[in-house]
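What follows is the residue order along each chain.
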Amino acid sequence: MSDLQEIVSEIVDAMRAREDRGEVATYIPELARVDPGAFGIAVIDREGNVAVGGDADTPFSIQSISKVFTLTLALGKVGDRLWSRVGREPSGSPFNSIVQLEREQGLPRNPFINAGALAVTDVIVSGHQPREALGEILRFMQFLGQDGAIAIDQAVAASEQRTGFRNRALANYMKSFDRLDNAVDFVLGVYFHHCAIAMSCRQLATAGRFLAHLGRNPETGLSVVQPDRARRINALMLTCGHYDGSGEFAFRVGLPGKSGVGGGILAIAPGKASIAVWSPGLDPSGNSHLGRIALEELTRRLGWSIFGM
Ligand code: GLN
């Protein structure tokens, strides 16, 4: 067994044994049905060695982790013009906060809070039917995750369509400031569905590899974005990827990361590895409780924090 696999296996055993698991998200009713005992992890290094453990091949709802990939697509479509639609500063607020949006005239702080992700989705929808825009996002995930079987969990999407009142409020509020070009229902529909994409840790870690290696998957050699764009997406993940828990994540883990309320986290060790963890129980900021602890342990043992040992 490789050293990396040994560390990953030990972390899985330690996480499985813990009783503090956080709380599974219930505001999207379908997510409340997920087993809080699940735990998975996949680490893929530069050479393509894969270390996995636990439920690494069980698909889960990627939720806000999809925002990394919609940001990548929107930057590809409109380039730096995107930054007139959404900011690049940490919010220090919960992911679905409305109060900040009022103070800042409907201009979202960053692309990873819900309001910012809605602005990004709006850019992707422009010029397309919602179904086409969603198809483009899904195909991008299948390409990056190197698996044509990656799909949207329709039950999760329908569940959020029915109950996403807060996101509806955010989108309508932005529309009142003329911050969305497309119909509110179109933007929300595409947003709820891309959040409902289901992927395993292994697929997600595969999809994140371009971010760890200057915009390019080192194994396939296929370039996804220019190096400077990968660097900037990583910077946003570090400063904004965990909402009002971003400082704590940088402090403890020290890697760019993006969480989702499905309990997943994609973390990038630049030049070294792409890592996905999944544990459905969340902390009060809506970030995976054991996912963060597992990443803290992994980076500590491997000396992978971008801030040094
Ligand atoms: N779809 C979820 C929402 O909009 C995503 C939130 C998250 O993962 N933090 O509420």
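See the structure shown above.
Structure report, in brief. (Residues numbered from 1 in each chain as written. Predicted model: local features only at pLDDT ≥ 70, side-chain atom pairs only at ≥ 80, totals over all residues. Heavy atoms only, no water.)

Structural notes on the site of the ligand
What counts here: Working definition: residue near molecule or strand if any one of its non-hydrogen atoms lies within 4 Å of it. As used in this structure description, the phrase polar contact means that two N or O atoms lie within 3.5 Å; if the pair is within protein, one of them must be able to donate a hydrogen and the other to accept it, and residues adjacent in sequence are counted only when both atoms belong to side chains. Calculation of accessible area relied on Shrake-Rupley with a 1.4 Å probe; when residues are assessed, cover is drawn exclusively from the protein chains displayed. The classification used treats Ala, Val, Leu, Ile, Met, Phe, Trp, Tyr, Cys and Pro as nonpolar, Asp, Glu, Lys and Arg as charged, and all other residues, Gly among them, as polar.
The environment of the ligand is made up of Y27, Q63, S64, F95, N114, E160, N167, Y191, C195, Y243, G260 and V261. One of the side-chain nitrogen or oxygen atoms of E160 is found 2.8 Å away from a nitrogen atom of the ligand. In the environment of the ligand, an oxygen atom lies 2.8 Å from a nitrogen or oxygen atom belonging to the backbone of V261. Contact with the protein chains removes 99% of the 290 Å² of surface that the ligand exposes when unbound. Considering only residue class, the shell around the ligand consists of six nonpolar, five polar and one charged.

Description of helix α1 (residues 3–17)
Our working definition: To qualify as a helix, a DSSP run of H or I must reach at least 4 residues; to qualify as a strand, a run of E must reach at least 2; elements of each kind are numbered from the N terminus. Helix span, as expected, comes to 1.5 Å for every residue beyond the first. Each residue's exposure class comes from its accessible area (1.4 Å probe, protein chains only) as a fraction of the maximum for that residue type: buried when under 20%, exposed when over 50%, partly exposed otherwise. Of all possible arcs, the one meant is that of the directions from the helix axis to the C-beta atoms. Should any heavy atoms of two residues lie within 4.5 Å, those residues are counted as being in contact.
With 15 residues, α1 should reach 21 Å at 1.5 Å per residue; the first-to-last C-alpha distance of 21 Å fits that figure. Among the residues of α1, L4, Q5, I7, V8, I11, V12 and M15 are the ones counted as buried. All buried residues of α1 fall inside an arc of 160° around its axis, so they share one side. Residues of α1 that are exposed and point over 90 degrees away from its buried face: D3, D13 and A17. Next to the buried residues of α1 lie β2 (40–45), β3 (50–54) and α13 (289–302).

Structural notes on the packing of helix α2 (residues 66–78) against helix α11 (residues 227–240)
Which entries qualify depends on this criterion: Note on method: axes are straight lines fitted to C-alpha atoms, helices fitted across the in-contact stretch only, with angles between N-to-C directions ranging 0 to 180 degrees. Throughout, the term roughly parallel applies to angles under 35 degrees, roughly antiparallel to angles over 145, roughly perpendicular to angles from 65 to 115, and oblique to all others. Left-handed describes a crossing in which the near helix is turned anticlockwise from the far one by less than a right angle; the clockwise case is right-handed.
At their nearest, the axes of α2 and α11 sit 11 Å apart, and the two run at 140° to each other. Classified by the interaxial angle, the pair formed by α2 and α11 is oblique. The chirality of how α2 crosses α11 is right-handed. Counted together, V68, L71, T72, L75 and G76 of α2 and R229, I233, L236 and M237 of α11 form the full contact between these two elements.

Looking at the nonpolar core
Convention followed: Definition used in this section: a nonpolar core is a set of buried Ala, Val, Leu, Ile, Met, Phe, Trp, Tyr and Cys residues joined via side-chain atoms within 4.5 Å.
Core analysis: the largest hydrophobic core is formed by 61 residues, its most contacted members being F69, I197 and L204. When residues in this core are grouped by element, the largest group, seven residues, is from helix α5 (residues 130–144). Not counting the four nearest positions on each side in its chain, L204 is found in contact with F60, I62, I65, F69, M199, L266, S274 and A276. In terms of nonpolar packing, the next biggest core, distinct from the first, is built from 25 residues, I7, M15, V43 and L290 among them.

A short note on the environment of E136
Within the fold, E136 resides in helix α5. Sequence-wise, E136 and L73 are 63 residues apart; in three dimensions their C-alpha atoms are separated by 9.0 Å. In contact with E136, not counting residues within four places along its chain, are L73 and H128.

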